[in-house]
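# A closer look at the structure
If you want the building blocks of each chain, they are given just below.
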Amino acid sequence: KNCFELFGYDFILDEDFRTWLLEVNTNPSLGVPNKFIRELLPRMIDDMIEIVVDPYELDINGEKKVDFKLKESNDFKLIYC
């Protein structure tokens, strides 16, 4: 209870744009090998904290501080449906 874990999912798209799950990592690398990842990781961590921590944040009176709603826009892209 009251814990979370970050998983890394590796996917591949075939020539027909079908998505295939290659593996799930319980300890994903958070290295920054390129500019794209360097910009993506901080946003991903912010989104993760917003999802798992913010709903439980209390104000000084012990009341919920945040009315939790997921962001409508968080830079995730639907690439296939």
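Definitions and cut-offs
Residues numbered from 1 in each chain as written. Predicted model: local features only at pLDDT ≥ 70, side-chain atom pairs only at ≥ 80, totals over all residues. Heavy atoms only, no water. Pairing = 2+ DSSP bridges. Helix = DSSP H or I, 4+ residues; strand = E, 2+ residues; numbered from the N terminus. Salt bridge = Lys/Arg side-chain N within 4 Å of Asp/Glu carboxyl O. Buried < 20%, exposed > 50% of the residue type's maximum accessible area, 1.4 Å probe, protein only. Polar contact = N/O pair within 3.5 Å; in protein donor to acceptor, adjacent residues only side chain to side chain. Patch = residues over 30% accessible without salt bridge, like charges linked within 9 Å, V, L, I, M, F, W, Y side chains within 5 Å. Areas by Shrake-Rupley, 256 points an atom, 1.4 Å probe, with all protein chains shown as cover.

So, on to the pairing of strand 1 (residues 8-13). Each regular strand displays side chains that alternate between the two surfaces of the sheet. Pairing geometry for strand 1 and strand 2 (residues 19-25), over 6 bridges, is antiparallel. Note on strand 2: the bridge partner recorded for Leu13 is Thr19. As consecutive antiparallel partners, strand 1 and strand 2 are separated by 5 residues, and within that stretch Phe17 has a phi angle of approximately 60°, a positive value.

Taken as a whole and assessed by the stated rule, the structure comprises 3 salt bridges. Between Glu39 and Lys35 there is a salt bridge; the shortest N-O distance is 3.8 Å. Of this pair, Glu39 and Lys35 both sit in helix 1 (residues 35-52), 4 residues apart, roughly one helical turn. Several salt bridges share partner residues, and in doing so they unite Asp14, Asp16 and Arg18 into one network.

This brings us to the side chain of Asp14. Mapping Asp14 onto the fold places it in the loop between strand 1 and strand 2. Residue Asp14 is classed as buried on the basis of its relative accessible area of 16%. In terms of polar contacts, Asp14 uses its side chain to reach the side chain of Trp20, at 3.0 Å.

Here the focus is a nonpolar patch on the surface. A cluster of nonpolar side chains, contributed by Phe7, Tyr9, Phe11, Leu21 and Val24, occupies part of the molecular surface with about 500 Å² of accessible area. Elements with a contribution of two residues or more to the nonpolar patch: strand 1 and strand 2. If you trace the backbone, Tyr9 turns up in strand 1. The class for Tyr9 is partly exposed, based on a relative accessible area of 48%.

So yeah, pure geometry; function would need other evidence.
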